[in-house]
Amino acid sequence: MRNGTTITEFILLGFPDIQGLQIPLFIVIFFIYILTLAGNGLIIAIVWVEPRLQIPMYFFLCNLSFLEIWYTTTVIPKLLETFVVARTAICIPCCLLQAFFHFFLGTTEFFILTVMSFDRYLAICKPLRYPTIMTTNLCLQLALSAWVVGFTIVFCQMLLLIQLSFCGNNVINHFYCDVGPILKAACSDTSILELLGLLATVLVIPGSLFFTMISYIYILSTILQIPSATGRQKTFSTCASHLTVVSLLYGAVLFMYLRPTTHSSFKINKVVSVLNTILTPLLNPFIYTIRNKEVKAALRKAMACPKTHHPQ
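Quick caveat: nothing in here was measured; it's all calculated off a predicted structure. (Residues numbered from 1 in each chain as written. Predicted model: local features only at pLDDT ≥ 70, side-chain atom pairs only at ≥ 80, totals over all residues. Heavy atoms only, no water.)

Participant: Pulling in residues and values, what's your account of a nonpolar patch on the surface?
Facilitator: On the surface, a cluster of nonpolar side chains totalling about 630 Å² of accessible area is made up of Leu-160, Ile-192, Leu-195, Leu-196, Leu-198, Leu-199 and Val-202. When residues of the nonpolar patch are assigned to their parent elements, the largest contribution, 6 residues, is made by helix α8 (residues 191–224). Along the chain, the position of Leu-198 falls in helix α8. (Patch = residues over 30% accessible without salt bridge, like charges linked within 9 Å, V, L, I, M, F, W, Y side chains within 5 Å. Areas by Shrake-Rupley, 256 points an atom, 1.4 Å probe, with all protein chains shown as cover. Salt bridge = Lys/Arg side-chain N within 4 Å of Asp/Glu carboxyl O. Helix = DSSP H or I, 4+ residues; strand = E, 2+ residues; numbered from the N terminus.)

Participant: Lay out the state of the cysteines with the relevant residues and their values.
Facilitator: Across all of its chains, the model carries 3 disulfides by this definition. For Cys-167, the disulfide goes to Cys-187, at an S-S distance of 2.1 Å. With a gap of 20 residues between them, Cys-167 in the loop between α6 (136–161) and β3 (171–172) and Cys-187 in the loop between α7 (179–184) and α8 connect regions that are remote in the sequence. Since its relative accessible area comes to 8%, Cys-167 is described here as buried. With relative accessibility at 7%, the residue Cys-187 sits in the buried group. Of all cysteine sulfurs, the one in Cys-139 lies closest to Cys-62, which takes part in no disulfide; the gap is 12 Å. Cysteine Cys-125 is unpaired, with the sulfur of Cys-239 as its nearest cysteine sulfur at 9.2 Å. (Disulfide = S-S within 2.5 Å. Buried < 20%, exposed > 50% of the residue type's maximum accessible area, 1.4 Å probe, protein only.)

Participant: Got a sec to walk through a positive patch on the surface? Specific residues and values, please.
Facilitator: On the surface, Lys-234, Lys-293, Lys-296 and Arg-300 cluster together to form a positively charged patch. For Lys-234, a relative accessible area of 63% corresponds to the exposed category. (Lys, Arg positive; Asp, Glu negative; His and termini not counted. Charge placed at Lys NZ, Arg CZ, Asp CG, Glu CD.)

Participant: Give me the lowdown on the sheet that holds β3, citing residues and values where you can.
Facilitator: Spatially, the 3 strands line up as an open sheet ordered β2-β1-β3, and their pairing is mixed. Looking along the sheet, the strands with just one partner apiece sit at the ends: β2 (88–91) and β3. Bridging between strand β1 (residues 9–12) and β2 involves 4 bridges; their strand directions are antiparallel. Across the sheet, the residue bridging to Ile-11 is Ala-89, located in β2. Lying over the sheet, helix α4 (residues 92–125) contacts β1, β2 and β3, oriented at roughly 85° with respect to β2. (Pairing = 2+ DSSP bridges. Contact = heavy atoms within 4.5 Å. Axes fitted to C-alpha atoms, helices over the stretch in contact; angles between N-to-C directions.)

Participant: Tell me about the environment of Ser-237, residues and numbers included.
Facilitator: Along the chain, Ser-237 falls in helix α9 (residues 229–258). The class for Ser-237 is partly exposed, based on a relative accessible area of 28%.

Participant: Before we move on, could you go through the packing of α4 against α8 and cite the residues and values that matter?
Facilitator: Put simply, α4 and α8 touch, their axes get as near as 9 Å, and they point 15° apart. Classified by the angle their axes make, α4 and α8 are roughly parallel. Along this stretch, α4 crosses α8, giving a crossing that reads as left-handed. Contact residues: Thr-107, Phe-110, Phe-111, Thr-114, Ser-117, Phe-118, Arg-120, Tyr-121, Ile-124 and Cys-125 in α4; Val-204, Ile-205, Ser-208, Phe-211, Thr-212, Ser-215, Tyr-216, Tyr-218, Ile-219, Thr-222 and Ile-223 in α8. Class assignment of the residues belonging to the contact of α4 with α8 gives a composition of 13 nonpolar, 7 polar and 1 charged. (Parallel < 35°, antiparallel > 145°, perpendicular 65-115°, else oblique. Left-handed = near helix turned anticlockwise from the far one by under 90°. Nonpolar A, V, L, I, M, F, W, Y, C, P; charged D, E, K, R; others polar.)

Participant: A description of the confidence of the model for the protein chain should follow, citing residues and the corresponding values.
Facilitator: Taken residue by residue, the protein chain gives an average pLDDT of 86. The fraction at 70 or more is 92%. When pLDDT is averaged over each element of the protein chain, α6 comes out on top at 95 and helix α11 (residues 293–308) at the bottom at 67. Confidence drops under a pLDDT of 50 for residues 308–312, and excluding neighbours within four residues, the segment shows 0 contacts in the predicted structure. (pLDDT = per-residue confidence, 0-100.)

Participant: Please provide a residue-by-residue account of the packing of aromatic side chains, values included.
Facilitator: Between two aromatic rings, the relevant description is the distance of the centres plus the angle of the planes. For the coordinates displayed, the defined rule picks out 19 aromatic pairs. With a centroid separation of 6.0 Å and 65° between ring planes, the pair formed by Phe-104 and Trp-147 is classed as edge-to-face. Here Phe-104, found in helix α4, pairs with Trp-147, found in helix α6; they are 43 residues apart in sequence, far enough to count as distant. The pair Phe-104 / Trp-147 is uniform in exposure class, with both members buried. Counting every residue linked through ring pairs, the aromatic cluster contains Phe-66, Trp-70, Phe-100, Phe-101, Phe-104, Trp-147, Phe-151 and Phe-155. (Phe/Tyr/Trp six-rings, centres within 6.5 Å; stacked < 30°, edge-to-face > 60°.)

Given below as C-alpha cells:
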C-alpha cells in the first residue's frame, strides 16, 4: 500500500506539444469522425436494404462497421475536448468505462477480422462446399463468438480493475484512458492484473494473427494454382480489401508493442494510436467499396432510386 491522497479523477494530457494547432486539429478530427460515422453507417444501411449483399462476407463487414462506429466514439469525443479545454478531467468510473469499451471493441475487432479471413478461406479454397458450410446459423455463431470472447477477456480484467483504489499520479499522458497509466496510479498491488493483461495480449494479437495467416497461406496457395492470370486476379480481389485492413491494423499494433519503451517511442506510439483509432475506421469503408463492384453497384442503385419515382 502506497501513501498518498486518494484521487477521484484523472487528467488526460492529450497532445501538450502542439500549441497553436488545437483548433485546426479539432476541425480536422471532428470532420474525420463525422466521415467515419457516415461511411460505416452507409455500409450497414446498404447491406441491410440490398438483398444481393446479404451474404456472409457482408454480414461480417457490417459487424466490423458497427464495431468501428463505437470504437471511435469511445475515444474521439474526449480527444476533441483535449484540444479546446485547458484541463481535461475525467472521473474514475468514466475513465474505467472508457478503457473497458475501448479494449473490448478493440479486442473484438481482431476476432471479427479473423472470422472474416476464415470466411474468405472457405469461399476461395472450398467454393463448392462453401454454401453448405457457411450457413446463416454458422455466421451468427461466429460473429456472436467474436463479440462474447472479446467481452469476456476484457470484462474479467475489468472486474479486478474496478476494485482498485487510486492514490498516485492522476495525470494520464495520453488522449484516452489507457490501462498502463491507470495501473500506475493504483494504491495496491497490480501484478495479477498486469499478468492477465500480458496473457490477454498474447492470446488476442499473436493468436488471431496466427489463424489469419494460416487462412491466407491456404488462400494464396489456391490462387497460385489457378491457371489464368485473369482468374487469379479476380479471385484475389475478393480478399484484397480484407488483407489491406488486416495489414493496417496489425502493422500499427505490432509497431507499438514490439518497439522498446522509451520517452520518444511513447510519443510515437501516441501518434500511431491516433492513426489506429481515427484513420483506420475512416479508411475501412473506402477500402471495402473502392474495388468492390457489388457495393458500388448497390450504392449507385440507392442513389438512383429517388430519381425513378416521378409524379405522373
